[in-house]
Amino acid sequence: MRLTVNGDHFELDHATVTSRLRGHTPEPIHVHWVEIAGTRFPVKQALETALGISRTTFTSHTARHQFDRLGFTTSTASSNPTFKQPRQSAAIEPAVPDYRSTVDEAGRAFATLVAFLRTGPLTTGISTLEHNLLNADRTTAGDITAAAGLTEELLHAALTVRRDVGRVSDVIHATVITLALPHILEADEVVSNRPSLGPGNDQSRPFDLETNKRFAEFKVAVWSGGDMMRKRGLTQDLVHLALHEDQRRPELWVAGTDPIRFLQTSTSSVGSLLSRASHRQRARYEARYGTTDIPLRDFVAEQGARVQLRNIADALPALAEAFL
């Protein structure tokens, strides 16, 4: 099954989730959980482990939704009468009220967070803090942390922003696709299948966009550094498009030139980049193309040459600045 989390696409199935969680120790459960092979995990820990992405990039709601789609029993069942009530566990704490901040409070929290992020590159600041904390004791640790700007006020602001804008990536994904349509559709081209604008694709909608002339996937996340998980997701989408046999043209739309440059120059093997893809996708790849032990750039130039790589900024020049 294809899942979309934070604008990135992944292939995942029930067996793969079970395999990747096997041997892991559940963290304490506070509110939301998913039961995997008889063991309950916090939903964010489980999805982070299954996909190999940071839990800070998605909400508990997103994690529960994806596990529900995959057929796992989750804490969603307790509020859904169509589910059988799961057995109680002493590790599950009562749900806390879902406080929603006012628009003004959210605005102030966002301003606090942005002010902190603009003090300098976050990666550099964190690295400096890590070095400064070496040999710190209970007395000096607090002073060092405060000097770096990591305060309780900042934590509260970050939690508020995450709660209120946790699905902003879904908003961006849907908005980019719909704004692009008037610019990319040709005179005699029409949308032929209901677009997949939200999280996840289903079997009836295997691609983000299908028309009578093309089928396309959109990757709207802006790259900022190592981006390994984005590179893996991008490779999975490329292979997904290449494997689809259709007379229409396949297109992979990305945000900026970095993803395209990566696809065209990377010497990483396709196999390593597909290591977290579903067993089904890897099997389909091997059945069609054989070995995965080839550089990605060779696959792009040869087996995947039919897939057209497109920069979203070319279709929407007004967004070019936001993607840089």
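Residues numbered from 1 in each chain as written. Predicted model: local features only at pLDDT ≥ 70, side-chain atom pairs only at ≥ 80, totals over all residues. Heavy atoms only, no water.

Chemist: I keep staring at helix α3 (residues 60-69) and nothing clicks. Help me out?
Modeler: Residues that lie three or four places apart on an α-helix share one face, since the helix turns once every 3.6 residues. Residues of α3 that are buried: Thr62, Ala63, Arg64, Gln66 and Phe67. Immediately downstream of α3, the backbone of glycine 71 shows phi near 90 degrees, a positive value. (Buried < 20%, exposed > 50% of the residue type's maximum accessible area, 1.4 Å probe, protein only. Helix = DSSP H or I, 4+ residues; strand = E, 2+ residues; numbered from the N terminus.)

Chemist: Help me out: how do you make sense of the pattern of salt bridges in this one?
Modeler: Note on pairing: side chains with opposite charge can pair once their charged atoms come close. The final tally for this structure, using the stated rule, is 14 salt bridges. Two residues, arginine 249 and glutamate 251, come together in a salt bridge whose shortest N-O distance is 2.8 Å. One salt bridge in this structure joins arginine 261 and aspartate 258, with 2.7 Å as the shortest N-O distance. With arginine 261 and aspartate 258 both in helix α10 (residues 258-265), this residue pair falls three residues apart, about one helical turn. We classify arginine 261 as partly exposed; its relative accessible area is 45%. (Salt bridge = Lys/Arg side-chain N within 4 Å of Asp/Glu carboxyl O.)

Chemist: Just to check I follow, could you spell out unusual backbone geometry for this structure?
Modeler: Outside of glycine, negative phi angles account for most residues, and trans bonds account for most peptide bonds. Although it is not a glycine, alanine 37 sits at a positive phi angle of roughly 55 degrees. Structurally, alanine 37 is set in the loop between β3 (33-36) and β4 (39-42).

Chemist: Looking at this model, I keep getting lost on the environment of glutamine 66. Mind explaining?
Modeler: As for its placement among the helices and strands, glutamine 66 is situated in helix α3. Spatially, the C-alpha atom of glutamine 66 lies 8.8 Å from that of threonine 4, the residues being 62 residues apart in sequence.

Chemist: Can you walk me through the packing of helix α4 (residues 103-117) against helix α7 (residues 152-164) in this structure?
Modeler: To describe two helices that pack against each other, one gives the angle between their axes and the distance between the axes. Relative to each other, α4 and α7 sit at 120 degrees, their axes nearing to 8 Å. Of the two possible hands of crossing, α4 and α7 adopt the one that is left-handed. Counting all contacts with α4, which are made through Ala106, Ala109, Phe110, Thr112, Leu113 and Phe116, the residues of α7 involved are Glu153, Leu154, Ala157, Ala158, Thr160, Val161 and Asp164. (Axes fitted to C-alpha atoms, helices over the stretch in contact; angles between N-to-C directions. Left-handed = near helix turned anticlockwise from the far one by under 90°. Contact = heavy atoms within 4.5 Å.)

Chemist: Can you walk me through a nonpolar patch on the surface in this structure?
Modeler: A cluster of nonpolar side chains, namely Leu117, Leu122, Ile126 and Leu150, defines an oily patch on the protein surface of about 300 Å² accessible area. As for its placement among the helices and strands, leucine 122 is situated in helix α5 (residues 122-132). Given the relative accessible area of 43%, leucine 122 is considered partly exposed. (Patch = residues over 30% accessible without salt bridge, like charges linked within 9 Å, V, L, I, M, F, W, Y side chains within 5 Å. Areas by Shrake-Rupley, 256 points an atom, 1.4 Å probe, with all protein chains shown as cover.)

Chemist: Could you clarify how one ought to interpret the sheet that holds strand β6 (residues 209-210) in this entry?
Modeler: Pairing is mixed in the open sheet, where four strands are placed in the order β6-β7-β8-β9. With partners counted over all chains shown, the strands left at the sheet margins are β6 and β9 (308-311), one partner each. Across the face of the sheet, helix α8 (residues 168-184) comes into contact with β6, β7 (214-219) and β8 (249-254) while running at roughly 140 degrees to β7. Of the strands in this sheet, β7, β8 and β9 are in contact with helix α9 (residues 228-243), which crosses β7 at around 175 degrees. (Pairing = 2+ DSSP bridges.)

Chemist: Mind showing me how you'd approach the environment of valine 191 here?
Modeler: Note that valine 191 resides in the loop between α8 and β6. The spacing of valine 191 and leucine 209 is 18 residues in sequence and 7.5 Å in space, taken between C-alpha atoms. What valine 191 contacts, discounting residues up to four positions off in sequence, is Leu181, Leu185, Leu209, Glu210 and Thr211.

Chemist: Sorry, what's going on with the confidence of the model for the protein chain here?
Modeler: Per-residue confidence for the protein chain gives a mean pLDDT of 84; residues scoring 70 or more make up 89%. Within the protein chain, strand β1 (residues 2-5) has the poorest average pLDDT of any element, 74, and helix α13 (residues 296-301) the best, 97. Within the model, pLDDT remains below 50 along residues 78-98, and this stretch shows 24 contacts once partners closer than five positions in the same chain are excluded. (pLDDT = per-residue confidence, 0-100.)

Chemist: Just checking my understanding: could you explain the side chain of arginine 248 for this structure?
Modeler: Position of arginine 248 relative to the elements: it lies in the loop between α9 and β8. A polar atom in the side chain of arginine 248 sits 3.1 Å from the side chain of glutamate 210. (Polar contact = N/O pair within 3.5 Å; in protein donor to acceptor, adjacent residues only side chain to side chain.)

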